[in-house]
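Here's the letter readout for the chains.
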Amino acid sequence: DTAVSQTPKYLVTQMGNDKSIKCEQNLGHDTMYWYKQDSKKFLKIMFSYNNKELIINETVPNRFSPKSPDKAHLNLHINSLELGDSAVYFCASTSQGLAEAFFGQGTRLTVV
Amino acid sequence: KNQVEQSPQSLIILEGKNCTLQCNYTVSPFSNLRWYKQDTGRGPVSLTIMTFSENTKSNGRYTATLDADTKQSSLHITASQLSDSASYICVVSANQAGTALIFGKGTTLSVSS
């Protein structure tokens, strides 16, 4: 029973393509996040969604768009992929208040 | 500027030895501090969460300390095991909801036999 699951685990694609990464959590959490981990292993938050409302949007290019069909899902859609988008993308979820965040296994995106 | 600095950047120890990882932060306001363990190729897993009023918290062989006055935290690992080899990330939350998490760059620990 994976708490936070992402698909695919690996994604290799060409520059200019559009791709999506899916995330699902079965924990009943009300807040979900997307993080980007660069080659230096530095995690940086991209988006968070609470009850279908975007509550954080760091300085991320508008080529990235989060889509949440329901409280258990937060997908990441990326348009016109660039080389610099190559990284590991992590989905996470938490409940409100002081609670630990549960992370997915990550999606390694490679843009060639 | 909100920042979380960790040291050392990497560390190699022998199995069975103890070690301490450091975290300094300049995050304001401060809500809580978290330590995560990230195995290679996996997502981070929470080890401890401490609020302003907590000085120490343990999770098995992991003990975290927090000095909110000096804005420092440490993670002490006792009797290290090979499975402790991972990156340890210090994360400071600027709000209780956890929606403003500032991540350190992590300390890479290698435990050898």
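In this report, we go over the structure that sits alongside the text. All values derive from a computational prediction rather than experimental measurement. (Residues numbered from 1 in each chain as written. Chains lettered and ligands numbered in written order. Predicted model: local features only at pLDDT ≥ 70, side-chain atom pairs only at ≥ 80, totals over all residues. Heavy atoms only, no water.)

### Structural notes on the overall build of chain A
- In terms of helices and strands, chain A carries 0 helices and 11 strands.
- In chain A, the succession of α and β elements from N to C terminus is β-β-β-β-β-β-β-β-β-β-β.
- For a compact globule of 112 residues, the expected C-alpha radius of gyration is about 13 Å, and chain A comes in at 13 Å, within 12% of that figure.
- Expressed along its principal axes, the backbone C-alpha trace of chain A runs to roughly 40 × 25 × 25 Å.
- The proportion of buried residues among the 112 residues of chain A is 46%.
- At a minimum sequence separation of 6, the contacts of chain A that also span at least 24 residues come to 53%.
- Entry remark: accessible area of chain A is about 5600 Å², with carbon and sulfur atoms responsible for 47%. (Helix = DSSP H or I, 4+ residues; strand = E, 2+ residues; numbered from the N terminus. Rg over C-alpha atoms; globule rule 2.2 N^0.38 Å. Buried < 20%, exposed > 50% of the residue type's maximum accessible area, 1.4 Å probe, protein only. Contact = heavy atoms within 4.5 Å. Areas by Shrake-Rupley, 256 points an atom, 1.4 Å probe, with all protein chains shown as cover.)

### Here we look at the pairing of strand E1 (residues 4-7) of chain B
Residue and element names in this part refer to chain B.
- The alternating pattern of E1 places Val 4 and Gln 6 on a buried face, while none of Glu 5 and Ser 7, on the opposite face, is buried.
- Pairing analysis gives 4 bridges linking E1 to strand E3 (residues 19-25), with the strands arranged antiparallel. Of the residues in E3, the one forming a bridge with Glu 5 is Asn 24. (Pairing = 2+ DSSP bridges.)

### Overview of the interface of chain A and chain B
- Listed as interface residues are 21 residues of chain A and, on the opposing side, 21 residues of chain B.
- Roughly 1600 Å² is buried in total at the junction of chain A and chain B, and carbon and sulfur atoms are behind 60% of that figure.
- Our count for the contact surface shared by chain A and chain B stands at 0 salt bridges.
- The interface formed by chain A and chain B includes 2 residue pairs in polar contact (both at pLDDT 80 or more). (Buried area = accessible area lost by both parts, 1.4 Å probe. Salt bridge = Lys/Arg side-chain N within 4 Å of Asp/Glu carboxyl O. Polar contact = N/O pair within 3.5 Å; in protein donor to acceptor, adjacent residues only side chain to side chain.)

### Examining the sheet that holds strand E3 (residues 19-25) of chain A
Residues and elements named next belong to chain A.
- The 4 strands are arranged E1-E3-E8-E7 in an open sheet whose pairing can be described as antiparallel. Two strands bound the open sheet, and with one partner strand each, they are strand E1 (4-7) and strand E7 (64-67). Strand after strand, the sheet turns through a mean of 15° between neighbouring axes, direction not considered. (Axes fitted to C-alpha atoms, helices over the stretch in contact; angles between N-to-C directions.)

### Topic: the sheet that holds strand E8 (residues 72-77) of chain B
Residue and element names in this part refer to chain B.
- Here we have 5 strands laid out as an open sheet, ordered E1-E3-E8-E7-E6, and antiparallel in their pairing. The open sheet has two free edges, formed respectively by E1 and strand E6 (56-59), since each of these has just one partner strand. Between one strand axis and the next, the sheet turns through 15° on average, direction left out of account.

### Side note on the pattern of salt bridges
Residue and element names in this part refer to chain B.
- Summed over the entire model, instances satisfying the criterion amount to 5 salt bridges over all chains.
- For Lys 37, the salt bridge identified is with Asp 39, shortest N-O distance 3.9 Å.
- Of the residues examined, Asp 39 reaches a relative accessible area of 32% and is grouped as partly exposed.
- When the shortest N-O distance is used, the salt bridge between Lys 57 and Glu 54 registers 3.1 Å.
- A relative accessible area of 24% means that Glu 54 is categorised as partly exposed.

### Concerning the side chain of Gln37(A)
- Mapped onto the fold, Gln37(A) is located in strand E4 (residues 31-37).
- A distance of 3.0 Å separates polar atoms of two side chains, one belonging to Gln37(A) and the other to Gln38(B).
- Among all residues touching Gln37(A), those that are not within four sequence positions of it are Phe42(A), Leu43(A), Ala87(A), Val88(A), Phe90(A) and Gln38(B).

### Things to note about the state of the cysteines
- Applying the stated criterion across every chain, the model contains 2 disulfides over all chains.
- Each disulfide pairs two cysteine sulfurs, and for Cys23(A) the partner residue is Cys91(A), the sulfurs being separated by 1.8 Å. The chirality of the disulfide connecting Cys23(A) with Cys91(A) is left-handed, given an S-S dihedral of about -75°. Placement of Cys23(A) in strand E3 and of Cys91(A) in strand E9 (residues 87-94) is noted, with a sequence separation of 68 residues between them.
- Among the residues examined, Cys23(A) registers a relative accessible area of 1% and is labelled buried.
- Bridging Cys23(B) to Cys90(B), the disulfide has an S-S length of 2.0 Å. As the torsion about the S-S bond is roughly -70°, the Cys23(B)-Cys90(B) disulfide counts as left-handed. In this pair, Cys23(B) is assigned in strand E3 and Cys90(B) in strand E9 (residues 86-93), connecting sequence segments 67 residues apart. Of the two residues examined, Cys23(B) and Cys90(B), each falls in the buried class.
- Not part of a disulfide, Cys19(B) finds its nearest cysteine sulfur in Cys90(B), a span of 15 Å.
- Given a relative accessible area of 6%, Cys19(B) falls into the buried group. (Disulfide = S-S within 2.5 Å.)

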